[in-house]
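Spelled out, the chains give:
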Amino acid sequence: MNYVIDIVLIAISAALINNFVLHYFVGICPFVGVSRRVDMAFGMGCAVTFVITIAAVLSWSITTFILIPGAPLSRWIAGFFLSAEAAAKIDLTILSYIIYIFAIASAVQFVEMYVRKFFPSLYKSFGVFLPLITTNCAILFACLMIMANIVGVDNPADAWDLGRSLVLAAFGGVGFTIAIVIMAGIREELDLCDVPKPFQGAAITLIVGGILALAFMGFTGVDSGLKKALTPEPVAQVVVSPDAGQALQLARVSKSLSVQ
Amino acid sequence: MERTIKKMADQPTTTERFIQGILPENPVYRQLLGLCATLAVTNNMKSALTMGGAVAFVLVCANVITSLMRNLLKPHLRIVIFTLTIATFVTIADRFLAAYMYQMSKTLGPYIPLIIVNCIIICRCEVCASKQPVITAAADAVGQSIGFTLAMASLAAVREILGTGMFFGLRVLPVAWPDWVIMVLPPGAFLTFGILLGTLNWIDSLRAAGSGKK
């Protein structure tokens, strides 16, 4: 049960509260560049969600099996050259950035080839965005967050497992899609507006993005309210603020959903 | 991008490249590159300048190395090589910050490794360093990083002063100033950058109109 709560919290936090684009500012380039039409924005969002999920699997496996001190694979390989004691101390985390970026670049390349060969219609809808994604900050950012939650924890038992990493990445991608599609919808309407000439293009997009970020700040606190509502302890407390009430309502909805 | 291509066509000199990076081709305000870092770490001057320094280090080193090996590059592998070169220097910068400015490296967090995918650096490697001799590439990198740092500093100054009433942690506005907390939060970054960008465009169009009349 605890695990499920954890997963739900990670998902909501990644998709809404700490939205990748509007809270962490990663993936701003496509957010400004490809958000001109809704269908293109949706294609971009799907491509990012797809690649980010693959990258999460890769980075979790690489970090757990190769990079962290005493990782099984690196220990096994080092065991051929070093004593068992020295091999257990091998710490490759310093190489993490180079390895991640290399893994992402090659994964994108392979995915592009695979999709083009076996799913031509899918390739037509979002394949064109795939090569662009290699240098998308959102992907590397997800990898780094997963690494921080494996390497950065004090207690090895708290390190994230594959499920948590996957949920973080997939819902981060969903959050990116939500943000970019909303943005594209607004920009389609914005074309009909009388925007002052110096502000046309990027400037007005950023200002609208700021207002959007402001709106997404309204989700702050949903996670703590949700946690309170989902924990097995009785939560018969007086609802203090409308914010917490909203969170509780959302928690009830998600609870009833999970029951069904 | 069009400007960049045009620039390639008439091959500016080394000095021109250096100056172009600072204002006429400013990476942030003109080319809209490297926005992640620009928006994320500009809620106070100190972190903005540290980030500017880190980017400058990586940019100059990556440009010099790329320029040194420009004759060995294979066209289809060049982006991978650029990225790996950049990743190496970013690792160095990250370790350095963690060793000597621990608090700052905690504050900047994932944005230091995200320099790897900062488009400014890959763009400069591709556009300039892979075709020019070392001196030109280095001058270009220095110019671009000065431009980047200036842009970050301008954003950070606005955000820090309006958001907390302080500048470099020293109070500049009276205590009675109601802090615009929104300025140091994420939406403030978008709003400030959008307004500064629009204002700069406006000044530009005024100047263009002025010179057109003459």
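## A short note on the overall build of chain B
The helix and strand inventory of chain B stands at nine helices and two strands. Along the chain direction, N to C, the helices and strands of chain B fall in the order α-α-α-α-α-α-α-α-β-β-α. On C-alpha atoms alone, chain B measures out to a radius of gyration of 18 Å, which is about the 17 Å that the 2.2 N^0.38 rule sets for 214 residues. The 214 residues of chain B split such that 50% are buried. For chain B, contacts bridging at least 24 residues in sequence account for 73% of all contacts bridging at least 6. Within the structure as shown, chain B displays about 9,800 Å² of accessible surface, and the carbon and sulfur contribution to it stands at 70%.

## Focus: the packing of aromatic side chains
As enumerated under the stated definition, the model contains 15 aromatic pairs over all chains in all. Aromatic side chains A:F25 and B:F190 sit 5.3 Å apart centroid to centroid with 45 degrees between the ring planes, which places their arrangement in the tilted category. Placement of A:F25 in the loop between α1 (2–17) and α2 (28–33) and of B:F190 in helix α9 (residues 186–213) is noted, with the two residues assigned to different chains. For A:F25, a relative accessible area of 4% translates into the label buried. Members of the aromatic cluster, joined through ring pairs, are A:F20, A:Y24, A:F141 and B:Y111.

## Details of the pattern of salt bridges
All names here are of chain B. On inspection of all chains with the given rule, the structure shows nine salt bridges over all chains. Of the charged contacts, one joins R78 and E126 as a salt bridge, the two residues approaching to 2.8 Å between their closest N and O atoms. Placement of the pair is R78 in helix α5 (residues 78–100) and E126 in helix α7 (residues 119–129), with a sequence separation of 48 residues.

## Focus on the interface of chain B and chain A
On the chain A side, the residues contacting the 37 residues of chain B number 34 residues. Summed over both partners, the interface of chain B with chain A comes to about 3,000 Å²; 86% of that surface belongs to carbon and sulfur atoms. When the area that chain B buries against chain A is broken down by residue, the three leading residues are B:C36, B:V117 and B:F190, summing to 22%. For the interface between chain B and chain A, the tally reads three residue pairs in polar contact (both at pLDDT 80 or more). Mapped onto the side of chain B that touches chain A, the elements with two or more residues apiece are α3 (35–40), α5, α7 and α9 of chain B. Examining the composition of the side of chain B that touches chain A, we find that 13 residues originate from one element, α9(B), more than from any other. Classifying every residue of the side of chain B that touches chain A gives 28 nonpolar, seven polar and two charged.

## Topic: the nonpolar core
Among the nonpolar cores identified, the biggest contains 126 residues, and A:L22, A:F31, B:M51, B:L114, B:I115 and B:F190 are the most heavily contacted of them. Discounting chain neighbours no more than four positions away, the residues touching B:F190 are A:V21, A:L22, A:F25, A:I28, A:F31, A:L206, A:I207, A:G209, A:G210, A:A213 and B:L39. Residues A:I5, A:I12, A:L226 and A:L230 belong to the second largest nonpolar core, which totals seven residues.

## Here's the deal with a nonpolar patch on the surface
Residues and elements named next belong to chain A. Residues F65, L73, W76, I77, F80, F81 and L82 make up a contiguous nonpolar surface patch of roughly 800 Å² in combined accessible area. Counting residues per element, the nonpolar patch draws most heavily on helix α4 (residues 72–78), at three residues. With respect to the helices and strands, the residue L82 is situated in the loop between α4 and α5 (84–88). Residue L82 is classed as partly exposed on the basis of its relative accessible area, which comes to 40%.

## A look at the packing of helix α4 (residues 45–68) of chain B against α5(B)
Residue and element names in this part refer to chain B. Contact geometry for α4 and α5: axes closest at 9 Å, N-to-C directions at 140 degrees. The orientation of α4 with respect to α5, classified from their angle, is oblique. In this structure, α4 meets α5 at a crossing whose hand is right-handed. Where α4 abuts α5, its residues T50, F57, V58, C61, A62, I65 and T66 lie against F82, T85, I86, F89, V90, I92, A93 and L97. Residue classes in the contact of α4 with α5 are distributed as 12 nonpolar, three polar and no charged.

Cut-offs used in this document
Residues numbered from 1 in each chain as written. Chains lettered and ligands numbered in written order. Predicted model: local features only at pLDDT ≥ 70, side-chain atom pairs only at ≥ 80, totals over all residues. Heavy atoms only, no water. Helix = DSSP H or I, 4+ residues; strand = E, 2+ residues; numbered from the N terminus. Rg over C-alpha atoms; globule rule 2.2 N^0.38 Å. Buried < 20%, exposed > 50% of the residue type's maximum accessible area, 1.4 Å probe, protein only. Contact = heavy atoms within 4.5 Å. Areas by Shrake-Rupley, 256 points an atom, 1.4 Å probe, with all protein chains shown as cover. Phe/Tyr/Trp six-rings, centres within 6.5 Å; stacked < 30°, edge-to-face > 60°. Salt bridge = Lys/Arg side-chain N within 4 Å of Asp/Glu carboxyl O. Buried area = accessible area lost by both parts, 1.4 Å probe. Polar contact = N/O pair within 3.5 Å; in protein donor to acceptor, adjacent residues only side chain to side chain. Nonpolar A, V, L, I, M, F, W, Y, C, P; charged D, E, K, R; others polar. Core = buried A, V, L, I, M, F, W, Y, C linked by side-chain atoms within 4.5 Å. Patch = residues over 30% accessible without salt bridge, like charges linked within 9 Å, V, L, I, M, F, W, Y side chains within 5 Å. Axes fitted to C-alpha atoms, helices over the stretch in contact; angles between N-to-C directions. Parallel < 35°, antiparallel > 145°, perpendicular 65-115°, else oblique. Left-handed = near helix turned anticlockwise from the far one by under 90°.

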